[in-house]
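# Observations on the model geometry
Take a look at the letters that make up each chain.
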Amino acid sequence: MPWSNQTGGGPWGGGNGSNGGGGGPTGGPWGQRPGGGGGGGRGPQGTPPDLEDIIRRGQDRLKQALPGGGRASPALFAIIAVALVALWAFQSIYTVQPDELAVELRFGKPKDEISEPGLHFHWWPVETVEKATVAERLINVGEARGNGSSTGLMLSGDQNIVDVKFSVAYRVDDPRAYLFNVSDPDATLRQIAESAMREIVGRRPAQDIFRDDRQGIAEDVREIIQSTITGYGAGLGITAISIEDAAPPREVADAFEEVQRAEQDEDRFVEESNQYSNQQLGRARGEAAQIREEAAAYKNRVVLEAQGEAQRFVSVYDEYAKAPDVTRRRLFLETMENVLKNSNKVIVEQGTNGQGVVPYLPLPELQRRQGGSQGGNN
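Residues numbered from 1 in each chain as written. Predicted model: local features only at pLDDT ≥ 70, side-chain atom pairs only at ≥ 80, totals over all residues. Heavy atoms only, no water.

## Here's the deal with the overall build of the protein
- The number of helices and strands found in the protein is nine helices and eleven strands.
- With 378 residues in all, the protein has 22% of them scored as buried.
- The contacts in the protein between residues at least 6 apart in sequence include a share of 61% that link residues at least 24 apart.
- Carbon together with sulfur atoms contributes 54% to the accessible area of the protein, which is approximately 26600 Å² in total. (Helix = DSSP H or I, 4+ residues; strand = E, 2+ residues; numbered from the N terminus. Buried < 20%, exposed > 50% of the residue type's maximum accessible area, 1.4 Å probe, protein only. Contact = heavy atoms within 4.5 Å. Areas by Shrake-Rupley, 256 points an atom, 1.4 Å probe, with all protein chains shown as cover.)

## Let's talk about a nonpolar patch on the surface
- A surface patch of nonpolar side chains, about 780 Å² in accessible area, is lined by Trp88, Ile93, Phe107, Leu119, Phe121, Trp123 and Val126.
- Here Trp123 is to be found in the loop between β4 (118–121) and β5 (127–133).
- Judged by relative accessible area, Trp123 falls into the exposed class, the value being 53%. (Patch = residues over 30% accessible without salt bridge, like charges linked within 9 Å, V, L, I, M, F, W, Y side chains within 5 Å. Salt bridge = Lys/Arg side-chain N within 4 Å of Asp/Glu carboxyl O.)

## Focus on the side chain of Thr188
- Looking at where Thr188 falls in the secondary structure, it is placed in helix α4 (residues 185–203).
- Since its relative accessible area comes to 19%, Thr188 is described here as buried.
- Non-local contacts of Thr188, meaning those with residues more than four positions away in its chain, are made with Val182, Ile229 and Tyr232.

## Here's the deal with the pattern of salt bridges
- Taken as a whole, this structure holds 15 salt bridges when the rule is applied.
- One network of salt bridges, with partners in common, ties together Arg204, Asp213 and Asp220.

## Describing α4
- Compared with an ideal rise of 1.5 Å per residue, which puts 19 residues at 27 Å, α4 spans 27 Å between its outermost C-alpha atoms and is within 8% of the ideal.
- Listed in full, the buried residues belonging to α4 are Pro185, Thr188, Leu189, Ile192, Ala193, Ala196, Met197, Ile200 and Val201. (Expected span 1.5 Å × (residues − 1).)

Below is the structure:
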């Protein structure tokens, strides 16, 4: 018995006196006996529960629940053994999913073998297993924080602040290095990616990250991330860098858009001036070509006319050499015809028997006048 009940005071050592009576100590730690009057009992009759009785009843219930009344039997040992074997088998067999690779550890030290997808067995609890997802994954950098600020604010090479949002696509190339070389490879990769982007953006003007050379910036960032993460031995391979958005901070967005519009107007004016210049240059070149063609045609015409005149003169000279008198007279008559045909003429008859002025009938002039009057009537 854990305590003596002979004094009737129970486990608190109370006396036989009643509550408030003289002669004995006041029972219980609260200044009265647990079973005393006036305070109300804790058991059915105001007495505390018997601890031995509670323990005994619990033992009886446990014996009733066990087969054989709690006595050791082969069946009980067999059930316990089967349960232990089942538990060991359940812990020793593991499954690797199609997008996973696993590494077994023996006494906490990684083994060299890599477990491919499928069912595998290891000696638990001596050996344990760690799994790594090898499918391509994506992390986003530059997302907005809860207070409205962004983690993608960076300073460009021309002292402009840009807000860059980009994503990094990566995969696990070496699960053993991924699991055991770096404590948190994903967080490390995020920090490296942000640092690499800040480095490249800091070397370039803001216009490159906005629209001029995003692909070149993404490739430079990928090379830096890959070389750094390889140096850490994290077992990761960077497949792609995608710059999703690059914009000025919200506080200066209006001013920046105004600058962009001014630059666009400048580009438009330059383009229009170039277009006008090309138009005028083309027109001038066309006119110059036309003048050159006309000059060449005039040159050819003059040369051909000169050659024809020379040939005609040669032919006349040849005829003149054959009959000089006839040719001389013919040339005189043709020349006088050309000279007198458009002038008013007065014929004077010479000689002793001449009558002086001879009346001349201007038939050609009358014909011209007659032709002009007929044309007017029509």
